[in-house]
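# Observations on chain architecture
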Amino acid sequence: MTLKNDLILRAARGEKVERTPVWLMRQAGRILPEYRKVRSKMGGFKELVETPEFACEVTIQPVDILGVDAAIIFSDILVIPEAMGLPYQMVEAKGPWFEKTIKTAEDIAQLKTADPDDLHYVIDAIKLTKIGLNNRVPLIGFAGAPWTIFAYMIEGSGSKTFSQAKKFLYTQPMLAHQLLQKITDSTINYLKGQVAAGADMLQLFDSWAGALSPEQYNEFSLKYISQICDAVNEVPLTVFAKDAHFVRREMGKLNCNSIGLDWTMDIAESREMIGGSKTLQGNMDPCLLYADYAVIKKETIKMLKKFGPDRHIANLGHGLYPDLDKDKVICFVDTIKEFRF
Ligand code: CP3
């Protein structure tokens, strides 16, 4: 079972590639009319995530339509809190919402350490997608980083400040560590399950990294990310911590293959800080894709040259916005695929 296109895996391992590979965060989703069509047949987002046939269909769509070099399994980072005992709802036009949140030691004690059986619908979707992809491109599995999942479990929804989650860190640090450890153990089990089902590569999303101070980040986030990197090394792993400028040097020491950069992180400075042993992923501002085609091409080539030919996986600095024009997205992907050093 050899992959026809393994550019992303080779780039992640630091091997030579003929050209820079590309995939996009949130490539499966609302920018595609084909996604919206499948979505409209369903009761809601969760039903789509929990029905392997449909999750498989929308996972493969961007490979066919956008021509990206990898698929990412259609799911959400919030399946972990749910598997641990906190169900979520995806409220239309608002985002995630949890009816129960974590407040006390008893709440934490009642949570289950999740195992892959609790997330059989994702595992089944991965197996189906591997068959559907027929080895055309690698399949990326993913999970939220423990701090970001912790923040949702305390806040019960997204937040501008994450003040409740941070209050918990300042007022109940021991309990915070207990919860973070339980999330970490669940995430390790889950990611290992994804690899066993066929995921060729993994990504950890620390979307709310920027809410913490450098010291807090080391204590409450990086420590657990590091445990995951050490425990899950069957396939290449990328750590993407949004807004985590202050921790780039430490990121270079993680036992993982690649580090995701957002668009606020200078490329040369990030290389210097992270060091040569990691592949860098990113980091175009998704808003560039609102610009004219000529501007998109020019800026994309500029980005490619800044990263250079080695150890780069092209991507955005965060997910695609739902109102972006699909053709502009294809222009970004094609510019990368056509460029040669
Ligand atoms: O294509 C892909 O990238 C794979 C699928 C994927 C989704 N969510 C599907 C989704 C991935 C990798 C995620 C990760 C995720 N989910 C993150 C980390 C990445 C990031 O964006 O920082 C976070 C923080 C979440 C939590 C989440 N899920 C929020 C805040 C929202 C609502 C905001 C929004 O964009 O609507 C979601 C919903 C969600 N997850 C959608 C999709 C396609 C939109 C749901 C819809 O179809 O209406």
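Quick note: structure is the one above.
Owing to the predicted nature of the structure, the values given are computational and were not obtained by experimental measurement.

### Thoughts on the site of the ligand
With respect to spatial proximity, 22 residues lie near the ligand, and among them R30, Y35, D76, S207 and H318 are the closest. Contact between the ligand and Q27: an oxygen atom at 3.2 Å from a main-chain N or O atom of the residue. Separating a nitrogen atom of the ligand from a side-chain N or O atom of D76 is a distance of 2.7 Å. Protein contact buries 87% of the 870 Å² of open area that the ligand shows by itself. Mapped onto the shell around the ligand, the elements with two or more residues apiece are α2 (33-41) and β3 (95-98). Of the residues that constitute the shell around the ligand, the class distribution is 13 nonpolar, five polar and four charged.

### Brief notes about the packing of helix α9 (residues 163-171) against helix α10 (residues 173-197)
Following both chains from N to C, one finds α9 and α10 inclined at 115°, their axes separated by 5 Å at the closest point. The residues of α10 that touch α9, namely those facing F168, L169, Y170 and T171, are P173, L175 and A176. Its residues assigned to classes, the contact of α9 with α10 comprises six nonpolar, one polar and no charged.

### Looking at the environment of F220
Of note, F220 is situated in helix α11 (residues 214-231). You can call F220 buried: its relative accessible area is 4%. With 74 residues separating them in the primary sequence, F220 and P146 have C-alpha atoms 8.5 Å apart. Sequence-distant contacts of F220, defined by excluding residues within four places in its chain, comprise W147, L169, P173, A176, H177 and L180.

### Re helix α15 (residues 326-338)
Between its terminal C-alpha atoms α15 stretches 18 Å, which fits the 18 Å expected from 13 residues at 1.5 Å a residue. Those residues of α15 lying buried are K328, V329, I330, C331, F332, V333, T335 and I336. Check the buried side of α15 and you find it contacts α4 (52-65), β8 (279-284), α14 (293-307) and β9 (312-316).

### Some words on the nonpolar core
By size, the foremost hydrophobic cluster in this structure holds 130 residues, and its most contacted members are L24, F150, V239 and F332. Non-local contacts of F150, meaning those with residues more than four positions away in its chain, are made with A165, F168, L169, A176, L179, L180 and I183.

### Considerations on the sheet that holds strand β4 (residues 139-144)
Strand order in this open sheet of seven strands is β1-β4-β5-β6-β7-β8-β9, and the pairing throughout is parallel. Edge positions in the open sheet fall to β1 (71-72) and β9, since each of these has one partner strand only. Summarising the sheet, β8 and β9 pair through five bridges and their orientation is parallel. When the bridges of β9 are listed, Q281 appears paired with I313. Packed on one face of the sheet, α11 meets β5 (201-206) and β6 (237-241) and runs near 170° to β5.

### A word on the packing of helix α8 (residues 146-155) against α10
Where α8 meets α10, the closest approach of the two axes is 9 Å, and the angle between their N-to-C directions is 115°. For the crossing formed where α8 meets α10, the hand is right-handed. Note on element contacts: α10 touches α8 through A176, L179, L180, I183 and T184, opposite P146, W147, I149, F150, M153 and I154.

The rules behind these values
- Note on numbering: residues in each chain are counted from 1, in written sequence order.
- This being a predicted model, a pLDDT of at least 70 is required before a residue's local features are given, and a value of 80 or more before pairs of side-chain atoms are given or counted; all residues contribute to the totals for chains, interfaces and linings.
- Based on all heavy atoms of the structure, the side-chain values leave hydrogens and waters out of the count.
- One heavy atom within 4 Å of a molecule or strand is enough for the residue carrying it to be called near that molecule or strand.
- Polar contacts, as counted here, are pairs of nitrogen or oxygen atoms within 3.5 Å of one another; within protein the pair requires one atom able to donate a hydrogen and one able to accept it, and residues that are adjacent in sequence qualify only if both atoms are side-chain atoms.
- Reported accessibility uses the Shrake-Rupley method at a 1.4 Å probe radius. Residues are deemed covered only where the shown protein chains occlude them.
- A run of H or I in DSSP becomes a helix once it reaches four residues, and a run of E becomes a strand once it reaches two; helices and strands are each numbered from the N terminus.
- Classes in brief: Ala, Val, Leu, Ile, Met, Phe, Trp, Tyr, Cys and Pro nonpolar; Asp, Glu, Lys and Arg charged; the others, Gly included, polar.
- Axes, fitted as lines to C-alpha atoms, cover a helix only where it is in contact. Angles between the N-to-C directions of the axes lie from 0 to 180 degrees.
- Note on definitions: a residue-residue contact is assigned when non-hydrogen atoms from the two residues lie within 4.5 Å.
- For every residue, the accessible area obtained with a 1.4 Å probe (protein chains only) is divided by the maximum for its type, and the residue is called buried under 20%, exposed over 50%, and partly exposed between those limits.
- For a helix, the expected span equals 1.5 Å multiplied by the number of residues minus one.
- Nine residue types can take part in a nonpolar core, namely buried Ala, Val, Leu, Ile, Met, Phe, Trp, Tyr and Cys, and a core is a set of them joined through side-chain atoms within 4.5 Å.
- Should DSSP find at least two bridges between two strands, the strands are regarded as paired.
- Throughout, a crossing is termed right-handed when the near helix is turned clockwise from the far one, and left-handed when it is turned anticlockwise from it by less than a right angle.

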